Amino acid sequence: MANKEGIILSIHDIIYDSAVSYFNLDLPIIPLCSYNHRGYSDKHKATCKSPGKRPVLKAWTSHKHTTEEHLDEWFGINKYINIGMVLGQTEHWNIVGVDIDGELGETMFQEISKDKEVPHTWEFTSGNGRRLLYLLPDGLATQKNKVAWKEGHEELAFLAQGQQTVMPPSMHPSGKQYTWIDGHSPFECDIAMAPN
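Below you will find a few notes about this structure.

What counts, and at which threshold
Residues numbered from 1 in each chain as written. Predicted model: local features only at pLDDT ≥ 70, side-chain atom pairs only at ≥ 80, totals over all residues. Heavy atoms only, no water. Helix = DSSP H or I, 4+ residues; strand = E, 2+ residues; numbered from the N terminus. Rg over C-alpha atoms; globule rule 2.2 N^0.38 Å. Buried < 20%, exposed > 50% of the residue type's maximum accessible area, 1.4 Å probe, protein only. Contact = heavy atoms within 4.5 Å. Areas by Shrake-Rupley, 256 points an atom, 1.4 Å probe, with all protein chains shown as cover. Lys, Arg positive; Asp, Glu negative; His and termini not counted. Charge placed at Lys NZ, Arg CZ, Asp CG, Glu CD. Arc of directions from axis to C-beta. 1 Å grid on protein atoms, 1.4 Å probe; cavity = no way out; pocket = protein on both sides within 12 Å on 5 of 7 lines; lining within 4 Å. Points joined across faces, edges and corners; volume = space filled by probe spheres on them. Nonpolar A, V, L, I, M, F, W, Y, C, P; charged D, E, K, R; others polar. Axes fitted to C-alpha atoms, helices over the stretch in contact; angles between N-to-C directions. Parallel < 35°, antiparallel > 145°, perpendicular 65-115°, else oblique. Left-handed = near helix turned anticlockwise from the far one by under 90°. Pairing = 2+ DSSP bridges.

Helix and strand counts for the protein stand at four helices and 10 strands. Taking 16 Å as the expected radius of gyration for a compact globule of 196 residues, we find that the protein reaches 17 Å, a close match to that expectation. With the principal axes as the frame, the protein shows a C-alpha extent of 45 × 35 × 35 Å. Taken over 196 residues, the protein has a buried fraction of 45%. By sequence separation, contacts in the protein at least 24 residues apart represent 71% of the contacts at least 6 residues apart. Looking at the protein as shown, the accessible area adds up to about 10500 Å², and 51% of this sits on carbon and sulfur atoms. Positive and negative side-chain charges in the protein, numbering 18 and 25 respectively, have mean positions lying 10 Å apart.

We now examine helix 3 (residues 68–77). For helix 3, the full list of buried residues reads Leu 71, Trp 74 and Phe 75. Along the axis of helix 3, the buried positions cluster into a sector of 90 degrees, meaning they face one direction only. In helix 3, those exposed residues whose orientation departs by more than 90 degrees from the buried face are Glu 69, Gly 76 and Ile 77. Of the surrounding secondary structure, the elements contacted by the buried residues of helix 3 are helix 1 (11–24), strand 1 (29–32) and strand 2 (82–86).

Evaluated as defined, the whole model comprises one cavity of 30 Å³ or more. The volume enclosed by the largest cavity comes to roughly 50 Å³. Residue contributions to the lining of the largest cavity peak at three residues, all from helix 1.

In this structure, the largest pocket encloses a volume near 450 Å³. Surrounding the largest pocket, 19 residues form its lining, Val 98, Phe 158, Ala 194, Pro 195 and Asn 196 being those nearest its centre. Counting only elements with at least two residues in the lining of the largest pocket, the list comes to strand 4 (94–101), helix 4 (102–113) and strand 8 (155–159). Within the lining of the largest pocket, the residues separate by chemical class into 12 nonpolar, five polar and two charged.

Packing of helix 1 against helix 3 leaves a shortest axis separation of 10 Å and a crossing angle of 165 degrees. Considering the angle they form, helix 1 stands roughly antiparallel to helix 3. In this structure, the crossing between helix 1 and helix 3 has a hand that is right-handed. Along its contact with helix 1, which presents Ile 15, Tyr 16, Ala 19, Val 20 and Phe 23, the element helix 3 presents Glu 68, Leu 71, Asp 72 and Phe 75. Per-class residue counts for the contact of helix 1 with helix 3 are seven nonpolar, no polar and two charged.

If you walk across this open sheet you meet the three strands as 1-2-9, and the pairing is antiparallel. Each edge of the sheet is formed by a strand with only one pairing partner; in this case those strands are strand 1 and strand 9 (164–166). Across the sheet, the axes of successive neighbouring strands diverge by a mean angle of 35 degrees, strand direction being ignored. With three bridges connecting them, strand 2 and strand 9 associate as antiparallel partners. The residue of strand 9 that forms the bridge with Gly 84 is Val 166. Against the sheet, helix 1 touches strand 1 and strand 2, its axis set at about 20 degrees to strand 2.

Quick look at the structure:
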């Protein structure tokens, strides 16, 4: 992919540039291991069950605010990292995610949202489905809730406090890229308040 000056950028440069853009929105970005474990030790590779999705920041659940120094440090240690965002109440945001994975997850989401308006909000594709992000009122406590699941990774889950979400343009272990759906990125629309 080329930038506006025509310079060819690697996916790692694009992920870094996106992390900077999210930092400029005061989003609580955190580093995740690389999708293919490039740049990580054999010990990490042997113990990590979620390549590209596992936070590599100690005490990430209490991370409230990202600084330029954080980004420089994280990408200085390993330029191949993916990026995630802490969910729930942070310094500037209280964001939750709706994780729609596979055909079962989509069916359950359509059933739950039937006859209800689903607000236009931040939304991106994931490895096996899509994810919607919503805002909650400050101070509202949340927790993860799986509505449906079966063997494999088809589910509908509500992601909340104490969790994080992988953020575009990170790479999925399948080799697919997390991608903002047209018109649904933080640079194209506002995040909507979560519906009841």
